[in-house]
Amino acid sequence: MLITGGARSGKSLHAERLALAAPGRPVHIATAEALDAEMAERIALHQARRDDRWLSHEAPLDLVGALAATDGGGARLIDCLTLWLSNLMHHDRDWRAEVGALAAALKLQTSPVILVTNEVGMGIVPENALARRYRDAAGIMNQIIAEAAEEVVFVVSGLPMRVK
């Protein structure tokens, strides 16, 4: 399942509820890296919502490996794909190949996978080339993963709407 929406729309909270409702102990696969104090604070807020019912797995770059390592138990919550994409671009990785590998890996999973992503292309066109490349890459990534996902949910103002 892919859960998408804008910043602070309630995507992560919705995804956490779904993962907790699934059988087994859920696994949070985190893509964020605390590269500055503000990001560290954001990560801490997300971690504070999760208690000892959760297992944690850090995967800023290797989501396919994280899925392989955690399959066979509870639902896996990947939060979030757009941070993962940013990491890939920052490390000069072939993001298209990585997204394709992730889409293929999703079809092989035995335990549920819930992916959170951001819709970053719904506003104005960014003024700088890097931001435009990122926005375009995020849109392409979201399309590829949405195609691979069995279900897609768009969250707005905390309200989930089934898209697929």
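Here the structure is shown first, and the text comes after it.
Right, let's walk through the structure included here. These figures come from a predicted structure and were not determined experimentally.

## A few points about helix 6 (residues 129-148)
Along its 20 residues, helix 6 runs 29 Å from first to last C-alpha, staying within 8% of the 28 Å computed at 1.5 Å per residue. Along its buried surface, helix 6 packs onto strand 1 (2-5), helix 4 (81-90), helix 5 (95-106) and strand 5 (113-116). The N-terminus of helix 6 is capped by Asn128, whose side-chain oxygen sits 3.2 Å from the backbone nitrogen of Leu130.

## What about the pairing of strand 7 (residues 159-162)?
Where strand 6 (residues 152-156) lies against strand 7, four bridges are found, and the strand directions are antiparallel. The residue bridging Val155 from the neighbouring strand is Pro160, located in strand 7. In this antiparallel pair of consecutive strands, strand 6 and strand 7, the connection spans two residues, and Ser157 shows a positive phi of 50°.

## Digging into helix 5
Under the 1.5 Å per step criterion, the end-to-end length of helix 5 is 16 Å for twelve residues, consistent within 8% with the ideal 16 Å. If you check which residues of helix 5 are buried, you get Trp95, Glu98, Val99, Leu102, Ala103, Ala105 and Leu106. Buried residues along helix 5 cover an arc of 165° about the axis, so they all sit on one side. Considering only its buried residues, helix 5 is in contact with helix 3 (63-70), helix 4, strand 5 and helix 6.

## Brief notes about the layout of surface pockets
Approximately 770 Å³ is the volume found for the largest pocket. Along the wall of the largest pocket there are 30 residues; nearest its centre are Arg8, Arg42, His46, Cys80 and Leu83. By residue number, the principal contributor to the lining of the largest pocket is helix 2 (residues 37-49), which donates six residues. In this model, the second largest pocket occupies a volume close to 270 Å³. In terms of lining, the second largest pocket is formed by 13 residues, of which the most central are Met1, Leu106, Val113, Ala149 and Glu150.

## What to know about the environment of Leu61
Looking at where Leu61 falls in the secondary structure, it is placed in the loop between strand 3 (55-58) and helix 3. In this structure, the C-alpha to C-alpha distance between Leu61 and Ser111, residues 50 residues apart in sequence, is 21 Å. Residues in contact with Leu61, not counting those within four places in the same chain, are Trp84, Asn87, Leu88, His91, Arg93 and Glu98.

## Re the sheet that holds strand 4 (residues 76-79)
Taken together, the seven strands give an open sheet; going across it, the order is 3-2-4-5-1-6-7, and neighbouring strands pair in mixed fashion. Each having just a single partner strand, strand 3 and strand 7 make up the two edges of the open sheet. Across the sheet, the axes of successive neighbouring strands diverge by a mean angle of 20°, strand direction being ignored. As defined by bridge partners, strand 4 adjoins strand 5 across four bridges and the pair is classed as parallel. Bridge pairing in strand 5 links Leu77 to Ile114.

Criteria and cut-off values
Residues numbered from 1 in each chain as written. Predicted model: local features only at pLDDT ≥ 70, side-chain atom pairs only at ≥ 80, totals over all residues. Heavy atoms only, no water. Helix = DSSP H or I, 4+ residues; strand = E, 2+ residues; numbered from the N terminus. Expected span 1.5 Å × (residues − 1). Contact = heavy atoms within 4.5 Å. Polar contact = N/O pair within 3.5 Å; in protein donor to acceptor, adjacent residues only side chain to side chain. Pairing = 2+ DSSP bridges. Buried < 20%, exposed > 50% of the residue type's maximum accessible area, 1.4 Å probe, protein only. Arc of directions from axis to C-beta. 1 Å grid on protein atoms, 1.4 Å probe; cavity = no way out; pocket = protein on both sides within 12 Å on 5 of 7 lines; lining within 4 Å. Points joined across faces, edges and corners; volume = space filled by probe spheres on them. Axes fitted to C-alpha atoms, helices over the stretch in contact; angles between N-to-C directions.

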